[in-house]
Amino acid sequence: MSQWNQVQQLEIKFLEQVDQFYDDNFPMEIRHLLAQWIENQDWEAASNNETMATILLQNLLIQLDEQLGRVSKEKNLLLIHNLKRIRKVLQGKFHGNPMHVAVVISNCLREERRILAAANMPVQGPLEKSLQNSSVSERQRNVEHKVAAIKNSVQMTEQDTKYLEDLQDEFDYRYKTIQTMDQGDKNNALMNQEVLTLQEMLNSLDFKRKEALNKMTQIVNETDALVSSALMEELRDWQRRQQIACIGGPLHNGLDQLQNCFTLLAESLFQLRRQLEKLEEQSTKMTYEGDPIPMQRAHLLERVTFLIYSLFKNSFVVERQPCMPTHPQRPMVLKTLIQFTVKLRLLIKLPELNYQVKVKASIDKNVSTLSNRRFVLCGTHVKAMSIEESSNGSLSVEFRHLQPKEMKSGAGGKGNEGCHMVTEELHSITFETQICLYGLTIDLETSSLPVVMISNVSQLPNAWASIIWYNVSTSDSQEHLPGKSFTFWTWLEAILDLIKKHILPLWIDGYVMGFVSKEKERLLLKDKMPGTFLLRFSESHLGGITFTWVDHSENGEVRFHSVEPYNKGRLSALPFADILRDYKVIMAENIPESPLKYLYPDIPKDKAFGKHYSSQPCEVSRPTERGDKGYVPSVFIPISTIRSDSTEPHSPSDLLPMSPSVYAVLRENLSPTTIETAMKSPYSAE
């Protein structure tokens, strides 16, 4: 059964999708009348071959003429009228650019196959349906259409470049002809007319050069926007679907569609690069004042090259994650000295790369802090990518004979395996290669999803639990927090320890906002009364809690102040509730003030924390009475220095809070300037 016959048997909801994209791209009447002939042609190949596309367009018009002859005998006036109109439109639309019709028909056939595949998928649960809807999303169709449009635009600029070359050759010929004329011939009217013609040709040449460069700039802008947004979103969606599939979710798809988009864009960018090189050759042969090529070409070429690099770097993916053949339902769990398989794919399929791209596998190249054990990969760890003979013809490589081996630490020792849970360690397998193509050298690197190494099958259940937990909760292949040396889980564990041991009563009362970013914090505080503060966990310190308050400058400007995070070491010496009660800042007048008035949103500080205070409030003054054994009684209070003309905190200093007696001595013996210098502030941008 032909593809078109299958399409016609679809349910109405799928037929509506077919009707929608044919309305915008290609006449459905032609698709129906020439169904079998259209499906027997290689439109995808023709979209990259002008000669082939020209022949196919001519044959399409011939086939249409034959159908016109047939319906004329049937005297179907309406169909005859429609076919004549369609033939005229097709000839006018595609005559100057036959490759465009090949692109359009190829996209239509591909869209039909996608809809047929979606219609034939079995009934699925809510998760599977949501993933399927994601894979055939409107965004995906938009990406494919935009890629096709970019490809078509590049084909048009190819024609512009050829026209420019022909125009310049004709100009050169006429100019040289004038130079070879006799002196007497140069004064006649014919000569004057020839000079005017040359001037018109030069004006036309200048206009066409500017027009071609403007079109190329537009193509680069569209490609840049497409790659950085929609195409990368599609790739991230596929990677997330792969994660879910690895832990028992539905089979993921969409990689073939991504390969088509990546490949067409790469081909278009390389073609654009060649066009820019041709423009440079033309400018070298003939240039003039105001020539746009020397002014624009270099920057445009730089942008095109950058896009090619970006496209290649994102096209190198792990198509099939590491898995032991003996446990196909438990990928990413690897046993030492047991072989596993893993498959890599380059989403840019170019014949020039067949068997030329060698991929090297290694383990824990970027050593993670999550593991105390170290491994090496035994077996064939360097292989060349090749174009598969399967229907999708992907450029890929599969490693089948790799096995992890643990490196022993010390003199024959086994490391500190007994000191940690090996099934909670996450390792990563990295793959590296280098692309050398058309004068460009591009280094590529990608990594597998985190894997767990076991030495005994009895560890498999716990290891699999770690894999499920990771892939459900995150898509970051390292878990590392942005710009930090520790992972999210290390950070979270330190926070939980802080809550349990030092701030549990405040946490139970709901007074610790905790998990809020600095940006969100400022949005919450900016419209609040001066002295309003909130408590949040530090993003840059392990197991740290900080507070930020808001005030206003003399001109009404909103200012935010945050203190250096308090960790378990500092909180062991002083309860956090007491810190909040007694916290003072020294203003420019050297007067200590309590800046904390209201817990967000508007709860008076003492009302919120009063029941958690462990002692009486501390006053910053010189004591007049002496306690036992003649010592001056002292209690520690947190105190900071703040300048009224600055909204940015100073560099942090890990000092203990100051006692009242020490503060009084400083006030008596040191000048205000000296005090400010001596008392380093525990402020930070945290």
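Residues numbered from 1 in each chain as written. Predicted model: local features only at pLDDT ≥ 70, side-chain atom pairs only at ≥ 80, totals over all residues. Heavy atoms only, no water.

1. Quick look at the pairing of strand β1 (residues 316-323)
In terms of residue burial, β1 counts as a mostly covered element, since seven of its eight residues are buried. Two elements, β1 and strand β3 (residues 340-346), share five bridges in a ladder whose sense is antiparallel. Pairing of F316 across the sheet is with L346, part of β3. (Buried < 20%, exposed > 50% of the residue type's maximum accessible area, 1.4 Å probe, protein only. Helix = DSSP H or I, 4+ residues; strand = E, 2+ residues; numbered from the N terminus. Pairing = 2+ DSSP bridges.)

2. Observations regarding the side chain of T157
In this fold, T157 is placed in helix α10 (residues 138-179). Only 2.7 Å separates the side chain of T157 from the backbone oxygen of V154, close enough to count as a polar contact. When sequence neighbours within four positions are dropped, the list of residues in contact with T157 reads K215, M216, I219, L272 and Q275. (Polar contact = N/O pair within 3.5 Å; in protein donor to acceptor, adjacent residues only side chain to side chain. Contact = heavy atoms within 4.5 Å.)

3. A closer look at the sheet that holds strand β14 (residues 558-562)
Taken in spatial order, the five strands line up as β14-β13-β12-β17-β18 in an open sheet, and their pairing is mixed. Looking at which strands have only one partner, the edges of the open sheet turn out to be β14 and β18 (603-604). Summarising the sheet, strand β17 (residues 598-599) and β18 pair through two bridges and their orientation is antiparallel. Across the sheet, the residue bridging to Y598 is P604, located in β18. Against the sheet, helix α16 (residues 518-525) contacts β12 (532-537), β13 (545-552) and β14, and its axis sits at roughly 160° relative to β12. (Axes fitted to C-alpha atoms, helices over the stretch in contact; angles between N-to-C directions.)

4. Digging into a nonpolar patch on the surface
Taken together, the side chains of L504, W507, I508 and F515 define a hydrophobic patch exposed on the protein surface, amounting to about 390 Å² of accessible area. For L504, the position within the fold is in helix α15 (residues 488-508). (Patch = residues over 30% accessible without salt bridge, like charges linked within 9 Å, V, L, I, M, F, W, Y side chains within 5 Å. Areas by Shrake-Rupley, 256 points an atom, 1.4 Å probe, with all protein chains shown as cover. Salt bridge = Lys/Arg side-chain N within 4 Å of Asp/Glu carboxyl O.)

5. What about unusual backbone geometry?
For residues that are not glycine, phi is negative in most cases, and the peptide bond is trans in most cases. A cis amide bond links Y600 to the next residue, P601, at an omega of 10°. Relative to the elements of secondary structure, P601 occurs in the loop between β17 and β18. Positive phi is not limited to glycine here, since Y355 has a value of about 65°. For Y355, the position within the fold is in the loop between β3 and β4 (358-363).

6. Some points on helix α7 (residues 77-94)
In this model, α7 (18 residues) spans 26 Å end to end at C-alpha, consistent with the 26 Å of a helix rising 1.5 Å per residue. Within the sequence span of α7, burial applies to I80, L83, I86, R87, L90 and F94. One face of α7 carries all of its buried residues, which in axial projection span an arc of 130°. Exposed positions of α7 whose direction lies more than 90 degrees from the buried face are L77, L78, K84, K88 and G92. (Expected span 1.5 Å × (residues − 1). Arc of directions from axis to C-beta.)

7. Brief notes about the packing of aromatic side chains
Under the criterion given, the structure shown has 15 aromatic pairs. Here the aromatic rings of F171 and Y175 are separated by 6.3 Å at their centres, their planes lie at 5°, and the arrangement is stacked. Of this pair, F171 and Y175 both sit in helix α10, four residues apart, which is roughly one turn of that helix. Aromatic ring contacts, followed pair by pair, group F547, W549, Y566, F576 and Y583 into a single cluster. If you follow R274 out to its NZ or CZ, it ends over the ring of Y438, 5.9 Å from the centre. (Phe/Tyr/Trp six-rings, centres within 6.5 Å; stacked < 30°, edge-to-face > 60°. Lys NZ or Arg CZ within 6 Å of the ring centre and 35° of its normal.)

8. Considerations on the side chain of K343
With respect to the helices, strands and loops of the structure, K343 is situated in strand β3. Not counting chain neighbours up to four residues away, the residues in contact with K343 comprise V317, V318, E319, R320, E388, S396, V397 and E398.

9. Re the packing of helix α8 (residues 98-119) against α10
Contact geometry of α8 with α10 gives a least axis separation of 10 Å together with a crossing angle of 165°. Our classification of the angle between α8 and α10 gives roughly antiparallel. Of the two elements, α8 crosses α10, and the hand of that crossing is right-handed. Taking contact as the criterion, the partners of M99, H100, V103, N107, E111 and R114 in α8 are, on α10, Q140, R141, E144, A148, K151, N152 and Q155. A per-class count over the contact of α8 with α10 returns three nonpolar, five polar and five charged. (Parallel < 35°, antiparallel > 145°, perpendicular 65-115°, else oblique. Left-handed = near helix turned anticlockwise from the far one by under 90°. Nonpolar A, V, L, I, M, F, W, Y, C, P; charged D, E, K, R; others polar.)

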